[in-house]
Amino acid sequence: MSKSIYYVYSNDFQSYKFNESHPFNQRRVELTTDLLKMSGALNESHIIPPRIATDEEIGLIHDPNYIEAVRKAGYGELSEDVANNYGLGTEDVPIFPNMHEASALLVGGTLTAVDLVMEGEADHALSLGGGLHHGFRGKASGFCIYNDSAIAIKYMQQKYGVKVLYIDTDAHHGDGVQWSFYDDPNVCTFSIHETGRYLFPGTGNVSEKGQGQGYGTSFNIPVDAFTEDESFLECFVTAIREVAEFFKPDVIISQNGVDSHVLDPLTHLSTTMKVYREIPKLAHQLAHEHCDGRWIAVGGGGYDHWRVVPRAWSLIWLEMLEKQDEIARGALPTEWIEKWQPKSPVKLIPTWEDPSNLYPPIPRKQEITEKNMQTMEKALQHIRSSRKKAN
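Source: prediction; values computed, not measured.

Here we take up the overall build of the protein. Scanning the protein from N- to C-terminus turns up 14 helices and eight strands. For the protein, whose C-alpha radius of gyration is 20 Å, the value lies close to the compact-globule estimate of 21 Å for 391 residues. Burial analysis of the protein (391 residues in total) assigns 61% to the buried set. A separation of at least 24 residues holds for 79% of the contacts in the protein among residues at least 6 apart in sequence.

In a regular helix each residue adds 1.5 Å, so twelve residues correspond to 16 Å; helix α1 (residues 27-38) covers 16 Å between its end C-alpha atoms and thus fits that length. When α1 is considered as a whole, its buried residues turn out to be R28, V29, L31, T32, T33, D34, L35 and L36. Those residues of α1 that are buried are in contact with β1 (5-8), α10 (309-321) and α12 (334-340). Once α1 ends, the next one or two residues include G40, with phi positive near 80 degrees.

Across the sheet, eight strands lie side by side as β2-β1-β3-β8-β7-β4-β5-β6; this open sheet has parallel pairing. Only two strands of the sheet have a single partner each, and these edge strands are β2 (47-48) and β6 (218-223). Where β1 meets β2, two bridges bridge the pair, whose relative direction is parallel. Among the inter-strand pairings, Y7 is bridged to a residue of β2, identified as I47. Docked against the sheet, helix α5 (residues 99-118) engages β1, β2, β3 (124-127), β7 (251-255) and β8 (295-298), running at close to 175 degrees with respect to β3.

Looking now at the side chain of E194. Within the fold, E194 resides in strand β5 (residues 187-194). Separated by 2.6 Å, the side chains of E194 and H268 make a polar contact. Those residues in contact with E194 that sit more than four places away from it in its chain are A171, L199, V223, A225, T267, H268 and L269.

Attention now moves to the nonpolar core. The nonpolar side chains of soluble globular proteins are, as a tendency, buried together. Counting residues in hydrophobic clusters, the biggest one holds 125 residues, and the most contacted among them are L88, I145, M156, F190 and W317. If you tally residues by element for this core, the top one is α5, at twelve residues. Once you skip the residues sitting within four places of it in the chain, M156 turns out to touch V114, M118, G161, V162, V164, V251, I253 and I296.

Quick look at the pairing of β7 now. Here β7 lies mainly inside the structure; five of its five residues are buried. With five bridges connecting them, strand β4 (residues 164-168) and β7 associate as parallel partners. The residue bridging Y166 from the neighbouring strand is I253, located in β7. The pairing of β7 with β8 spans four bridges and is classified as parallel. Bridged to I253 within β8 is I296. For the handedness criterion, the β-α-β arrangement of β7, helix α9 (residues 273-290) and β8 is classed as right-handed.

So, about α5. Compared with the 28 Å implied by 1.5 Å per residue over 20 residues, the 29 Å span of α5 between its first and last C-alpha is a close match. With respect to burial, α5 is a largely interior element, 19 of its 20 residues being buried. G120, located one to two residues past α5, shows a positive phi value of around 85 degrees.

Moving on, we come to the pairing of β3. Across the two faces of β3 the burial is the same, with H124 and L126 and A125 and S127 all buried. Bridge analysis of β1 against β3 gives three bridges, and the strand direction is parallel. Paired with Y6 across the two strands is A125, which belongs to β3. Relative to β8, β3 runs parallel, the two sharing four bridges. From the neighbouring strand, S127 faces β8, where its bridge partner is V298.

Conventions and cut-offs
- Residues numbered from 1 in each chain as written.
- Predicted model: local features only at pLDDT ≥ 70, side-chain atom pairs only at ≥ 80, totals over all residues.
- Heavy atoms only, no water.
- Helix = DSSP H or I, 4+ residues; strand = E, 2+ residues; numbered from the N terminus.
- Rg over C-alpha atoms; globule rule 2.2 N^0.38 Å.
- Buried < 20%, exposed > 50% of the residue type's maximum accessible area, 1.4 Å probe, protein only.
- Contact = heavy atoms within 4.5 Å.
- Expected span 1.5 Å × (residues − 1).
- Pairing = 2+ DSSP bridges.
- Axes fitted to C-alpha atoms, helices over the stretch in contact; angles between N-to-C directions.
- Polar contact = N/O pair within 3.5 Å; in protein donor to acceptor, adjacent residues only side chain to side chain.
- Core = buried A, V, L, I, M, F, W, Y, C linked by side-chain atoms within 4.5 Å.
- Right-handed = clockwise from strand over helix to strand, strands pointing away.

Spatial relationships are all this shows, so hold off on functional conclusions.
So, in structure tokens, the structure goes:
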């Protein structure tokens with residue numbers, strides 16, 4: 001059992017809100033927190049409030065001029081032309097009041113989780129407000145203003161001098177984090193995602209392996225559209241085990257986008273809640289095998305925030321508690337369904353598991369499975385080659 005675990009949370013995470021119709025909606029963090037509380041798995045002793053990240057901390061990754069542009073945009077003081085140069089005021093990243101402060105709080109939440117783990121106060125910490133992996137040094141992208149995971153990694157390097165394994169299971173490639181450390185041999189980025197042939201951001205090819213001293217520390221497994229549980233997990237479990245053994249990290253930070261689920265409206269994969277049981281289980285195991293338990297987890301994508309995100313994200317916390325198998329079985333708490341069903345535009349799924357008839361059979365299943373296996377083997381090629389030479 002972990003010596004302690006913490007859940008970084010504030011209702012103010014809701015302040016990161018573009019508009020009512022935007023697919024990115026932080027209400028999903030409230031829904032998840034409520035589900036955990038009503039399941040008896042989360043109480044006030046677990047919850048730590050996030051701090052607000054400083055400009056200096058955000059500047060570990062982002063350009064100072066960009067930070068100032070975000071601040072001015074939130075005050076209505078940035079011209080449209082300048083905003084567009086920074087990726088602000090677009091369809092993906094509309095401007096909203098106090099956007100710098102809202103974004104800095106999400107970054108601060110992730111840094112709060114980092115310090116809890118790295119100072120030895122906790123083995124594991126979860127901050128579901130974070131996971132905004134598309135932000136670049138001087139540009140917002142893909143619903144992401146500040147890249148909290150990249151900032152957290154650089155912060156850990158500078159403050160604690162550690163080797164970091166970043167695990168990204170979002171359906172969209174973790175491009176902003178990858179490019180931030182593409183030439184850094186002390187950061188290993190691993191992303192399993194839907195192929196960029198069909199999906200934003202279009203990167204994350206198996207050939208993206210890092211450069212310079214960082215060559216061989218970037219791993220991408222772009223799986224085919226309509227990939228199902230078995231193929232996704234076969235690729236993920238095999239690959240991340242080999243990557244962790246190869247890299248030997250001091251700490252793991254995992255980005256837990258849950259938009260690979262078949263019900264997600266923005267992607268084309270066909271996974272179910274089975275995948276979201278196994279992802280945190282494996283991250284947990286690897287943290288204890290390689291990092292003395294040090295594991296920081298953040299949120300990410302997930303746009304069916306009624307039926308999918310609360311159940312899937314709850315499984316991360318339940319795994320940290322080592323109570324996933326005990327609590328996450330059968331019916332969800334009746335009071336949670338009764339509270340949220342009147343507000344939901346869709347019928348909530350009343351059980352932790354997905355119904356068996358969630359989607360029709362995929363006609364190309366064997367072809368997709370074989371193609372994904374080939375992709376995984378290409379991604380691991382240089383690890384396996386170096387192992388053969390060593391033997």
